[in-house]
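# Breakdown of the fold
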Amino acid sequence: MRADCLRNDRAESHQRVLIDPNVCHGHACIKGTRIPISQILGMLANGDSIDELLTAYPSVELGDILACLDYAALLAEEQVSYRGTRAKRKDMGACSQKAWALK
């Protein structure tokens, strides 16, 4: 898969991720499905390719997988202070996890 095919913008990602307490017990999932983002990330972490994911889940598009990666990257931007309390980066602004939940 070519690198230029993997470009995705955050606005499109927001439209593809759903966080709803009535769907998948409130876990982030791919909008229009009941596939948790954690499932997609776990499969990628275990060595499955994007093409294998697209074959395994016919309703999932490349943009959905990229949105999962974008969501994970956003969560990884959280910082943990030395006292063990969680603090979010100041520059995250509207891209915080709460912004995802509102979409």
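Below: a short report on this structure.

What counts as what
- Residues numbered from 1 in each chain as written.
- Predicted model: local features only at pLDDT ≥ 70, side-chain atom pairs only at ≥ 80, totals over all residues.
- Heavy atoms only, no water.
- Helix = DSSP H or I, 4+ residues; strand = E, 2+ residues; numbered from the N terminus.
- Buried < 20%, exposed > 50% of the residue type's maximum accessible area, 1.4 Å probe, protein only.
- Contact = heavy atoms within 4.5 Å.
- Salt bridge = Lys/Arg side-chain N within 4 Å of Asp/Glu carboxyl O.
- Polar contact = N/O pair within 3.5 Å; in protein donor to acceptor, adjacent residues only side chain to side chain.
- Axes fitted to C-alpha atoms, helices over the stretch in contact; angles between N-to-C directions.
- Parallel < 35°, antiparallel > 145°, perpendicular 65-115°, else oblique.
- Nonpolar A, V, L, I, M, F, W, Y, C, P; charged D, E, K, R; others polar.
- Core = buried A, V, L, I, M, F, W, Y, C linked by side-chain atoms within 4.5 Å.
- Expected span 1.5 Å × (residues − 1).

### Here's the deal with the overall build of the protein chain
Counting secondary structure elements, the protein chain contains five helices and four strands. The order of α-helices and β-strands along the protein chain, N terminus first, is α-β-β-α-α-α-β-β-α. Within the span of the protein chain, comprising 103 residues, buried residues form 32% of the whole. Considering only contacts in the protein chain between residues 6 or more positions apart, those separated by 24 or more positions represent 49%.

### A short note on the pattern of salt bridges
Under the defined criterion, the tally for this structure stands at two salt bridges. Residue Glu-61 pairs with Arg-16 through a salt bridge whose shortest N-O separation is 3.3 Å. Separated by 45 residues along the polypeptide, Glu-61 in the loop between helix 3 (50-56) and helix 4 (62-76) and Arg-16 in helix 1 (residues 10-16) bring together distant segments of the chain. Looking at Glu-61, the relative accessible area reads 47%, which means it is partly exposed. Note that Asp-64 and Arg-16 form a salt bridge whose closest N and O atoms lie 2.7 Å from each other.

### Some thoughts on the side chain of Asp-64
Take Asp-64: it is sitting in helix 4. Residue Asp-64 is classed as buried on the basis of its relative accessible area of 7%. In this structure the side chain of Asp-64 is engaged in a polar contact, spanning 2.8 Å, whose partner is the backbone nitrogen of Glu-61. Apart from the residues within four sequence positions on either side, Asp-64 is in contact with Arg-16, Ile-30 and Ser-59.

### A closer look at the packing of helix 2 (residues 37-45) against helix 4
Axis separation between helix 2 and helix 4 bottoms out at 10 Å; the angle between their running directions is 95°. In terms of orientation, helix 2 and helix 4 fall into the roughly perpendicular class. Across the interface between the two elements, Ile-37, Ile-40, Leu-41 and Leu-44 of helix 2 pack against Ile-65, Cys-68, Leu-69, Tyr-71 and Ala-72 of helix 4. Class assignment of the residues belonging to the contact of helix 2 with helix 4 gives a composition of nine nonpolar, no polar and no charged.

### Some details on the nonpolar core
Counting residues in each nonpolar core, the largest one holds 15 residues, and the members touching the most others are Val-17, Ala-28, Ile-30, Ile-37, Ile-40, Ile-65 and Tyr-71. Going through the elements one at a time, helix 2, helix 3 and helix 4 are the ones with two or more residues in this core. Among all residues touching Ile-30, those that are not within four sequence positions of it are Arg-16, Ile-35, Ile-37, Ile-40, Val-60, Asp-64 and Cys-68.

### Some thoughts on helix 4
The first and last C-alpha atoms of helix 4 sit 21 Å apart over 15 residues, in line with the 21 Å expected at 1.5 Å per residue. Regarding helix 4, the residues found buried are Gly-63, Asp-64, Ile-65, Leu-66, Ala-67, Cys-68, Asp-70, Tyr-71 and Leu-74.

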